[in-house]
Amino acid sequence: MKKRLCKERTGLVFFPAFDWAISPTHPEREERLLYTRDQLFEEGIMDLPQILQLEPRLAEIKDIARVHFCVPDIEFQATKAHLIAAGSAIAIADSLMKGEIKNGFALVRPPGHHAMRVVHGNRGFCNINNEAVMVEHLRKVYGIKRLAIIDTDVHHGDGTQDIYWHDPDVLFISFHQDGRTLFPGSGFMDELGGPLAFGTTLNIPLPPGTTDEGILFVLDKLVLPVLDIFQPELVINSAGQDNHYKDPLANMNFSTQGYATLNKKLAPDIAVLEGGYSIETALPYINMGIIMAMAGIDYSNLYEPDYYKYSFKEDSKRLKILETMVEQLFEVFNKREVIQANNREKAGAFYERQRHIFYDTDGINEKQLETVKVCPSCPGYITIDSQASHGRSKNSKIYCIVIPIQACSDCQEKAREKYEKKLMDNSGDFQYIYLQDRVADNYRQYDCRKQKEIVL
Amino acid sequence: MLIGIDIGGTSTDGVLLQEGKILSSAKCLTDETDLQRSIFTIIDELTQGVEKSNITRVALSTTLVTNILATGKGDKTALVLIPGPGLNLKNMQLFPHTFIIDGASDFRGRIIEPLNEEQVKKAGKLISDAGITKAAVVGKFSPRNSEHERRAKEILLKEYPKLEITVGFEISGQLNFLRRMATAYYTAMTQEKWAKFAVSIEKALRDRGINSPVSILKADGGTMPLSISLEHPCETVFSGPAASVMGAFALTMDEETSVVVDIGGTTTDLALILQGKPLYASKGAIIEGHYTSIRSFNMLSIALGGDSAVRLAGAQVTIGPDRVGLAACFGGPIATPTDAINFLEDGELGELHLSQEALEKIAAPLGISVKELAELIVNQFVDSVEENIKKMFKAWEEEPAYKVYEVVNKRSVQLDKVVGIGGAAKAFVPLISKRLGCRSLVHSYAQVANALGAAVARPTLSLILHADTQEKYYNLNFGGISGKIPSNFNLDSAKEMAKKHLEEIMAKRGLVQFANQSEFFLEEQFNTISGYSTTGKLFDIGIQIAPGVINEFREVRS
């Protein structure tokens, strides 16, 4: 991995959003990082010379448009709290790229890894994908080409997976509790990315009860070797904390020591907080652990009050399951380029997939038809026809076009033409038509009823 | 009549004030080996021919504690820590004679590990064997539960009754173990020497027939009675700069945003007054490289003063960072910014020809005129101050925020004026304010603003009450005060209780007349939830008497 010359400090944005909640007793509520604050403040960790505390800031609407198609618009889906969480991740990225810090942690809420490209509402407590907003900022502003996002949340990072499904330059690896036993019910081994980005999405569904030893086994035997081969310029930890043995929403056995060791070994350039709802018994310790590990501070004395009551050794049966998965996935990953080439050859002019997406928080059902231009020289432009029903009365139907940042000039042109054509037709099928032109950094949304275009 | 005295590192200043008018002022060189003598030289000069019974208050700011610590003259002190899980203190460079004891409580004040009493006893023996008579006992989360600290102190005292022990929870209730540790340690280290000083000052005043209350200025710009300072000697660090800021405050007394520029001989100190309120340092005072829980003004000191040495380095003119001696016009060896000003303003100071000669030595090799050089020096000086003022504002705007509201309503202020203090202020401050596009104020009392600040500063007190209705307790970040609360305790009861405690503390200090000047500065409430039901509430209520001036003082009259 490429190492930049920089100061030896770890950047930290701590934004607990003490005045924002989904609802008063929802797990994603004001109090979530309160005890984390108490622990960090009492430890005095922000006073240490290894830590540079950075201020949170608002992301711009355009930063969001680089990733999402928000219905009816960005302002509706991204509240100020969401803009600050995403903006804080960007603040870390900027500080890193300017060489002020050696790595950084956006300890922010609300979380984002369940937010997909199209946003009709809140899924799994997320509206805006903080990591993706940051990654697109890094690509656009700093010309970063290859990145890896390692999703260590207990829930499958289906939003981030969706956004980078067709992107061969962003490696997405998620390990999480088996989707048959936990929201969002996805993230199986056969989810490996779109045909032209095959193998740059990897999912490791962990059996419930997996321990420190099991998770670190997956890290050592799969994640780290894959990173070594992929050679990303930056590694991002989508740092959920709900693998913890005290988490009320999941069933895993990961400890603070495990989290700290994971971050020491993974050595992410940037970590962004995701889930984790054991707000008293886990979060204060895990957050300390991540900061300490990233800053190179000795974390051997950091443990939960009841740590010594449990064992974090893996049982042999689960270890066997993990060994098999790791072996199979590593094999697929190593063959990815051959498979991608095959796919490109076999596919026609367009690749198509149909999907159904459920928004648990807001009770929305979405149907998508996604097409990707199969292009010999780039990942191809993407179109999405999305229809969402919000219960009985409200329905929305939109059409989206994505020009990926690597798009060849031919695909760029075709995609832009397609957008113009859709606008001219204005068939009445859609409420909004979107163009996300990442090459030109130009984002358009056309309101079909008002016949009005917003350009960002 | 009020007496204010600022004992600075170089000189001691004093003023005698009546109804906003300075009746007399005095100045002498500070004798670091005998501060008391410096103080009484000034007092005797000020009170010559004054009826002593008319003196209603004496207030001092002093560098004594700062000096004790800087010169390593504090008492040998042991540090007994009860850190529990977290940072591994065993491998950190802390203080000599540190003992780490097992035992822990958490952020809710729950005991999560019992105190290892055997280890405390062993530490006590080692402390005693080493001939150490002072100790600080500090536990992590002790503001939320002080049981371990109290018990450790009890055990140590039982075995070694002569040991003088400072406990963390009485020193600071702010959640920051490292700062509490440093503050408790330095308190234990300086307490005895400070007490000696305080007692002798009081006695000497009484001997002179001055029977008024005696106050000491704190780093936060407020005063405390001399008797209270015995428990909190470290609060007096940096009271000198605080005196200057309070002097500027007294000279302005408005709702404007000002930057205070105190130009001394060697340094220029900057401070901010935002909409009439002096700004505090976000991380507390730094003593000997350690952050402490002592509130102090946000100050920035630049190595640039009226007497800074001006030299030629290649083709560059440098100012400072050192001072070689007096300005050339007063017989000093080298050109200084004061000489540059003196030349440009036709020699109001000392000997103009001496300024001119010193400047010529630098101007000649550069091939420019003395006037050009003088302008260059002044410009460079003003540049540097301007740049640092901007840096300070930027740092303030970049303070972390923890709420959506705070980020969205990001603070940004317009500077109204530059308030000049100190000898060279009159010449430089108008130039600085012109650069910044604002007004300037250099009051005729600017040269004695520090002593004036000490004379009129009112007492300050800042309390944070933390209440947990599920665990049914509350505590104050002050003096280790805590107690039980009923389950129907709500935000109003929390505010009422905070106010009541503030009034009681002020009454105990004999400062009841200030109790009604309090204001709430923090109101936080959180639900504690188990599963999906609310099990209690957490409150954090902050109430303070902010820096200000005493009731007798309305405004300066010159």
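What you are looking at is a predicted structure, and each value in this text was computed from that prediction instead of being measured.

## Looking at the overall build of chain B
For step 1, the next point in the chain: Within chain B, the regular secondary structure consists of 15 helices and 27 strands.
For step 2, the next point in the chain: In terms of C-alpha radius of gyration, chain B reaches 26 Å, essentially the compact-globule figure of 24 Å for 558 residues.
For step 3, the next point in the chain: Taken over the C-alpha atoms alone, chain B extends approximately 75 × 55 × 50 Å along its principal axes.
For step 4, the next point in the chain: Considering only contacts in chain B between residues 6 or more positions apart, those separated by 24 or more positions represent 64%.
For step 5, the next point in the chain: Taking the average place of the 58 positive charges on the side chains of chain B and the average place of its 65 negative ones, the gap between the two points comes to 6 Å.

## Let's talk about the overall build of chain A
For step 1, the next point in the chain: Each helix and strand counted, chain A has 12 helices and 17 strands in total.
For step 2, the next point in the chain: Relative to the globule expectation of 23 Å for 456 residues, the C-alpha radius of gyration of chain A, 21 Å, shows essentially globular dimensions.
For step 3, the next point in the chain: Counting only C-alpha atoms, chain A reaches 65 × 50 × 45 Å along its principal axes.
For step 4, the next point in the chain: The proportion of buried residues among the 456 residues of chain A is 66%.
For step 5, the next point in the chain: In chain A, the proportion of contacts linking residues at least 24 apart, taken out of those at least 6 apart, comes to 72%.
For step 6, the next point in the chain: Summed over its atoms, the accessible surface of chain A is roughly 15,900 Å², and 51% of this surface lies on carbon and sulfur atoms.
For step 7, the next point in the chain: The distance from the centre of the 52 positive side-chain charges to the centre of the 63 negative ones in chain A is 4 Å.

## Things to note about the interface of chain A and chain B
For step 1, the next point in the chain: Contacts between the two partners involve 47 residues from chain A, matched on the other side by 49 residues from chain B.
For step 2, the next point in the chain: Note on chain A versus chain B: buried area summed over both sides is about 3,800 Å², and carbon and sulfur give 57% of it.
For step 3, the next point in the chain: Ranking the residues of chain A by area buried against chain B places A:Glu42, A:Glu43 and A:Asp47 at the top, with a combined share of 19%.
For step 4, the next point in the chain: With a shortest N-O distance of 2.6 Å, A:Asp47 and B:Arg179 are connected by a salt bridge.
For step 5, the next point in the chain: Inspection of the region where chain A meets chain B yields 25 residue pairs in polar contact (both at pLDDT 80 or more).

## Observations regarding the pattern of salt bridges
For step 1, the next point in the chain: Per the counting criterion, the structure on display carries 66 salt bridges over all chains.
For step 2, the next point in the chain: Here B:Arg110 makes a salt bridge to A:Glu280, at a shortest N to O gap of 2.6 Å. A residue pair is termed interchain when its members come from two chains, as with B:Arg110 in the loop between strand S7 (104-105) and strand S8 (111-113) and A:Glu280 in the loop between strand S10 (270-273) and helix H9 (283-295).
For step 3, the next point in the chain: A:Arg336 is the salt-bridge partner of A:Glu337, the closest N and O atoms lying 3.6 Å from each other.

## What about the domain arrangement of chain B?
Residues and elements named next belong to chain B.
For step 1, the next point in the chain: Entries for chain B in the domain assignment read domain 1 (77-192), domain 2 (254-447) and domain 3 (461-545).
For step 2, the next point in the chain: The gap between the C-alpha centroids of domain 1 and domain 2 is 42 Å.
For step 3, the next point in the chain: Listed as interface residues are nine residues of domain 1 and, on the opposing side, 10 residues of domain 2.
For step 4, the next point in the chain: In total, about 680 Å² of surface goes out of reach between domain 1 and domain 2, with carbon and sulfur atoms giving 61% of it.
For step 5, the next point in the chain: If you sort the residues of domain 1 by the area they bury against domain 2, Arg179, Thr183 and Tyr186 come out on top, with a joint share of 69%.

Thresholds applied
- For every chain, the first residue of its written sequence is number 1, and the numbers climb from 1 along that sequence.
- Whichever chain is written first is A, and whichever ligand is written first is 1; the rest continue in order.
- Totals for whole chains, interfaces and linings use all residues, but because this is a predicted model, local features are given only for residues with pLDDT of at least 70 and pairs of side-chain atoms are given and counted only at 80 or more.
- For the side-chain quantities, the full set of heavy atoms in the structure was used; hydrogens and water were omitted.
- Only DSSP runs of H or I covering at least 4 residues are called helices, and only runs of E covering at least 2 are called strands; the numbering of each starts at the N terminus.
- Two things to know: the radius of gyration comes from C-alpha atoms, and the globule rule equals 2.2 Å times the number of residues to the power 0.38.
- Residue contacts are counted whenever heavy atoms from the two residues lie within 4.5 Å of one another.
- Note that His is not counted, nor are the chain ends; the positive residues are Lys and Arg, and the negative ones are Asp and Glu.
- For charged residues, the charge sits on one atom: NZ in Lys, CZ in Arg, CG in Asp, CD in Glu.
- Exposure classes here rest on a 1.4 Å probe applied to the protein chains alone. A residue is buried below 20% of its type maximum, exposed above 50%, and partly exposed in between.
- Accessible areas in this description were obtained via Shrake-Rupley with a 1.4 Å probe; residue shielding takes into account the shown protein chains only.
- Buried area is understood as the total, over both parts, of accessible area removed when two parts are fitted together, assessed with a 1.4 Å probe.
- The salt bridge definition used is simple: a Lys or Arg side-chain nitrogen within 4 Å of an Asp or Glu carboxyl oxygen.
- In the analysis that follows, any N or O atom pair within 3.5 Å is treated as a polar contact, provided that within protein one partner can donate a hydrogen and the other can accept it, and provided that, for residues neighboring in sequence, both atoms belong to side chains.
- As used throughout, domain bounds are those supplied by an automatic or database domain assignment.

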